[in-house]
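One-letter residues, chain by chain:
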Amino acid sequence: MKLLEALDWRYAVKQFSDEKISAAEVKALLNAARLSASSYGLQPYNIIVVASDAIREQLLPFSYGQDKIAQSSHLIVFAAHTQVGEATVDRYIDKYALISNKPHSELSDFSNHMKSALAAKTPEQRQAWAHQQAYIALGNLLTCAAVMKIDSCPMTGIDSAGYDAVLGLDEKGLTTSVICPIGRRHHDDIQAHRPKVRFDYDEIVMEI
Ligand SMILES: Cc1cc2nc3c(=O)[nH]c(=O)nc-3n(C[C@H](O)[C@H](O)[C@H](O)COP(=O)(O)O)c2cc1C
């Protein structure tokens, strides 16, 4: 029941207070997001924490007037890898071999299977696939934040090319998927008192 209460408590915050979330809490939250599921486990994204006020000021012109990206305690940017392919798989297999203490030779079928699956996609499909994985991490972060009583607001109402330029993501092989300011809700945030609009169980869930 605690989980449902947390999900009921959370909402997409429109106005943050200037209270800061402690570094330890931010780290715990990001560690939870890091544990998200992803297709084949490939994790084709990075999660960028922007604490700097100066950088967030530079992002404001690309945020369509949504100044909560600067008001909030920290801004989290989920950025998908732009070069998804054999190197994505090789990087993962290196980690897999290390963690599971297996020789690469035992993982070659697994590796080839993933490489063929990615090769069967167009570059656009591979990019869309990478963004999808980043969104799973976003969903996980939203839930974990709620459980930790940290406020948040998922956001795509931004100029992602502008974000990429300010954050220097192109040269890092990344592109912005979605962002999420986190912090504490402002006591004047009228959004806090608006009802949660969700379809009923039977309107969403289909039992077949
Ligand atoms: C992918 C995504 C993008 C969103 N973009 C914005 C945004 O740019 N600005 C904003 O204020 N809210 C944004 N939202 C918040 C939604 O409007 C909000 O989650 C939805 O209305 C449900 O309300 P609740 O989260 O408060 O329960 C976004 C949500 C998601 C999941």
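Because the structure is predicted, anything quoted here is derived from the model rather than measured.

**Regarding the nonpolar core**
Ranked by internal contacts, the top residues of the largest apolar core, which has 36 residues, are Ile-76, Val-77, Phe-78, Ala-134, Leu-138, Leu-141 and Cys-180. Excluding residues within four positions of it along the chain, Ala-134 makes contact with Tyr-45, Phe-78, Ala-80, Ser-177 and Val-178.

**Points about the site of the ligand**
Taken together, Tyr-11, Ala-12, Lys-14, Gln-66, Cys-153, Pro-154, Met-155, Thr-156, Gly-157, Val-178 and Lys-196 are the residues near the ligand. Grouping the amino acids of the shell around the ligand by side-chain chemistry returns 6 nonpolar, 3 polar and 2 charged.

**Focus on the packing of helix H1 (residues 2–9) against helix H7 (residues 123–147)**
Interaxial distance between H1 and H7 falls to 8 Å at its minimum, and their mutual angle equals 105°. If you check the angle between H1 and H7, you find them roughly perpendicular. Note on element contacts: H7 touches H1 through Thr-143, Ala-146 and Val-147, opposite Leu-3, Ala-6, Leu-7 and Trp-9. For the contact of H1 with H7, the class distribution of residues is 6 nonpolar, 1 polar and no charged.

**Some thoughts on unusual backbone geometry**
One non-glycine residue, Asn-101, adopts positive backbone phi at about 55°. Residue position: Asn-101 is located in the loop between helix H5 (86–100) and helix H6 (108–119). On the neighbour-count criterion, Asn-101 (6 C-beta atoms within 10 Å) is exposed. Notably, Lys-149 is not glycine yet its phi reads approximately 60°, a positive angle. Along the chain, Lys-149 turns up in the loop between H7 and strand S3 (151–152).

**Quick look at the environment of Tyr-40**
Take Tyr-40: it is sitting in the loop between helix H2 (23–34) and strand S1 (45–50). Given 15 C-beta atoms within 10 Å, Tyr-40 falls into the partly exposed group. Along the chain, Tyr-40 and Phe-110 lie 70 residues apart, while their C-alpha atoms are 9.7 Å from each other.

**Some remarks on the pairing of strand S4 (residues 174–183)**
For S4, the tally of buried residues reaches 10 of 10 residues, placing the bulk of the element in the interior. As defined by bridge partners, strand S2 (residues 74–81) adjoins S4 across 8 bridges and the pair is classed as antiparallel. By the bridge assignment for S4, Ala-79 is matched with Thr-176. Here S3 pairs with S4 via 2 bridges, running antiparallel. Within S4, the position partnered with Asp-151 by the bridge is Gly-183.

Thresholds, definitions, all that
Residues numbered from 1 in each chain as written. Predicted model: local features only at pLDDT ≥ 70, side-chain atom pairs only at ≥ 80, totals over all residues. Core = buried A, V, L, I, M, F, W, Y, C linked by C-beta atoms within 7 Å. Buried ≥ 20, exposed ≤ 12 C-beta atoms within 10 Å, placed from the backbone. Contact = placed C-beta atoms within 7 Å. Near = placed C-beta within 6 Å. Nonpolar A, V, L, I, M, F, W, Y, C, P; charged D, E, K, R; others polar. Axes fitted to C-alpha atoms, helices over the stretch in contact; angles between N-to-C directions. Helix = DSSP H or I, 4+ residues; strand = E, 2+ residues; numbered from the N terminus. Parallel < 35°, antiparallel > 145°, perpendicular 65-115°, else oblique. Pairing = 2+ DSSP bridges.

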